[in-house]
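# A structural walkthrough
Okay, here's what each chain looks like letter by letter:
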Amino acid sequence: AECLSKAADAQFMLGPDLLVAPVTASRAREWSVYLPAGDSWQHAFSGQVFDGGAWVRVPTTLDDFPLFYRGGSTVSPFLLKATAQI
């Protein structure tokens, strides 16, 4: 439970529709992310869609980290690419 709490504390919204969950453990291969309730959320790199209001566990690498956008939002592919380079 403490690990999940720390993971939730590190994640943040970037504007109203992007959720960023920084991976703070070295050599992590997957990461837990809490997706806010009320909407679906799409993983920016895999395209996988998840229901909000739940914890999900996603694979992670240096190039493929937990970045989600709110379902139904209009997020530019350019913005996703730029965000991935942060």
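Residues numbered from 1 in each chain as written. Predicted model: local features only at pLDDT ≥ 70, side-chain atom pairs only at ≥ 80, totals over all residues. Heavy atoms only, no water.

What follows deals with the side chain of S32. In this fold, S32 is placed in strand β3 (residues 30-35). Among the polar contacts made by the side chain of S32, one reaches the side chain of R57 at a distance of 2.6 Å. (Helix = DSSP H or I, 4+ residues; strand = E, 2+ residues; numbered from the N terminus. Polar contact = N/O pair within 3.5 Å; in protein donor to acceptor, adjacent residues only side chain to side chain.)

Let us look at the packing of aromatic side chains. The final tally for this structure, using the stated rule, is three aromatic pairs. Taking the centre distance of 5.6 Å and the plane angle of 65 degrees together, the rings of Y34 and W55 count as edge-to-face. Residue Y34 is located in strand β3, and its partner W55 is located in strand β6 (residues 54-59); the two are separated by 21 residues in the primary sequence. Exposure remark for W55: the relative accessible area of 37% places this residue in the partly exposed category. An angle of 70 degrees between the planes, with centres 5.9 Å apart, marks the rings of F50 and F68 as edge-to-face. Here F68 lies in strand β7 (residues 67-70) and F50 lies in strand β5 (residues 49-51), a separation of 18 residues in the sequence. The same class applies to F50 as to F68, namely buried. (Phe/Tyr/Trp six-rings, centres within 6.5 Å; stacked < 30°, edge-to-face > 60°. Buried < 20%, exposed > 50% of the residue type's maximum accessible area, 1.4 Å probe, protein only.)

With that settled, the discussion passes to the pairing of β7. Of the two faces of β7, the one lined by L67 and Y69 and the one lined by F68 and R70 are each fully buried. Where strand β4 (residues 40-43) meets β7, three bridges bridge the pair, whose relative direction is antiparallel. Bridge pairing links H43 to F68 in β7. (Pairing = 2+ DSSP bridges.)

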